[in-house]
Amino acid sequence: MVSRLRRRIPTLSIPVARRRIRALELVLALGIVLPLVGLFVSIPAPTVVVELSLIVAFLSPPVLAVLTVVGALDDGLRLASVSVSILAAITLGVAALSLYTLLYPPEGGGVYGGHLFTYVAGLALALAVLARTGVAQLWSMRCTRETGR
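Keep in mind the model is a prediction, meaning the values are calculated, not measured.

Analysis parameters
- Residues numbered from 1 in each chain as written.
- Predicted model: local features only at pLDDT ≥ 70, side-chain atom pairs only at ≥ 80, totals over all residues.
- Heavy atoms only, no water.
- Helix = DSSP H or I, 4+ residues; strand = E, 2+ residues; numbered from the N terminus.
- Buried < 20%, exposed > 50% of the residue type's maximum accessible area, 1.4 Å probe, protein only.
- Contact = heavy atoms within 4.5 Å.
- Areas by Shrake-Rupley, 256 points an atom, 1.4 Å probe, with all protein chains shown as cover.
- Expected span 1.5 Å × (residues − 1).
- Phe/Tyr/Trp six-rings, centres within 6.5 Å; stacked < 30°, edge-to-face > 60°.
- Axes fitted to C-alpha atoms, helices over the stretch in contact; angles between N-to-C directions.
- Left-handed = near helix turned anticlockwise from the far one by under 90°.

Draft legend 1. How the structure looks around the overall build of the chain. Helix and strand content of the chain: 5 helices and 0 strands. The order of helices and strands in the chain, counted from the N terminus, is α-α-α-α-α. Buried positions account for 27% of the 149 residues belonging to the chain. When contacts within the chain are restricted to residue pairs at least 6 apart in sequence, those whose partners lie at least 24 apart make up 81%. Carbon and sulfur atoms provide 72% of the accessible area of the chain, an area that totals close to 10600 Å².

Draft legend 2. Main features of helix H2 (residues 18–40). The first and last C-alpha atoms of H2 sit 34 Å apart over 23 residues, in line with the 33 Å expected at 1.5 Å per residue. When H2 is considered as a whole, its buried residues turn out to be Ile21, Glu25, Leu28, Ala29, Gly31, Ile32, Val33 and Pro35.

Draft legend 3. Summary view of helix H4 (residues 79–103). Between its first and last C-alpha, H4 extends 36 Å over 25 residues, near the 36 Å set by a 1.5 Å rise per residue. Taken residue by residue, H4 has Ser81, Val84, Ser85, Ala88, Thr91, Ala95 and Ser98 as its buried positions.

Draft legend 4. Representation of the packing of aromatic side chains within the structure. Taken as a whole and judged by the stated rule, the model has 2 aromatic pairs. For the pair Phe58 and Tyr119, a centre-to-centre distance of 5.5 Å together with 70° between the ring planes defines the contact as edge-to-face. Separated by 61 residues along the polypeptide, Phe58 in helix H3 (residues 47–75) and Tyr119 in helix H5 (residues 114–147) bring together distant segments of the chain. For Tyr119, a relative accessible area of 12% gives the class buried. Arranged with centres 5.2 Å apart and planes meeting at 50°, the rings of Tyr100 and Tyr104 form a pair that is tilted. For Tyr100, a relative accessible area of 49% corresponds to the partly exposed category.

Draft legend 5. How the structure looks around the packing of H3 against H4. As a packed pair, H3 and H4 sit with axes 8 Å apart at the nearest point and diverge in direction by 150°. The two elements H3 and H4 cross, and the hand of that crossing is left-handed. Within the contact between the two elements, H3 uses Pro61, Pro62, Ala65, Val66, Thr68, Val69, Ala72 and Asp75 and H4 uses Ser81, Val84, Ser85, Ala88, Thr91, Leu92 and Ala95.

Draft legend 6. Main features of the side chain of Ser81. On the secondary structure map, Ser81 appears in helix H4. By relative accessible area, Ser81 is classed as buried at 5%. Not counting residues up to four positions away in its chain, the partners in contact with Ser81 are Ala72, Asp75 and Gly76.

Now the structure itself:
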């Protein structure tokens, strides 16, 4: 029954290999999570490396969101794809609002913190991508152990 359902659900055939999309998602997710870990773990690093990691952490969420949506379109309708795509849409919305506020600041002035909201939304997306990947790896290991392949 599941195989018949999968045949009925159309997927978008993207000329990029699915493994490349997943690998890029992992790299970007780790690029978002690792600077946060660096705040709590004292690692001796040059200032340039710290600043570069923060730039990567703040630029990665919108790119990860776009890549996640592309990967979800390639996967088709699945629970993990839909839930991660919703987080990706929220991240893209927050990033767009942050960019709009940066380009057209309000009249009253104030402190700009849109990049922090984008980072928090991207962090939730990165954790969801890492969790989805971990569950998929555990599931594939369990399936291969049961089938003996």
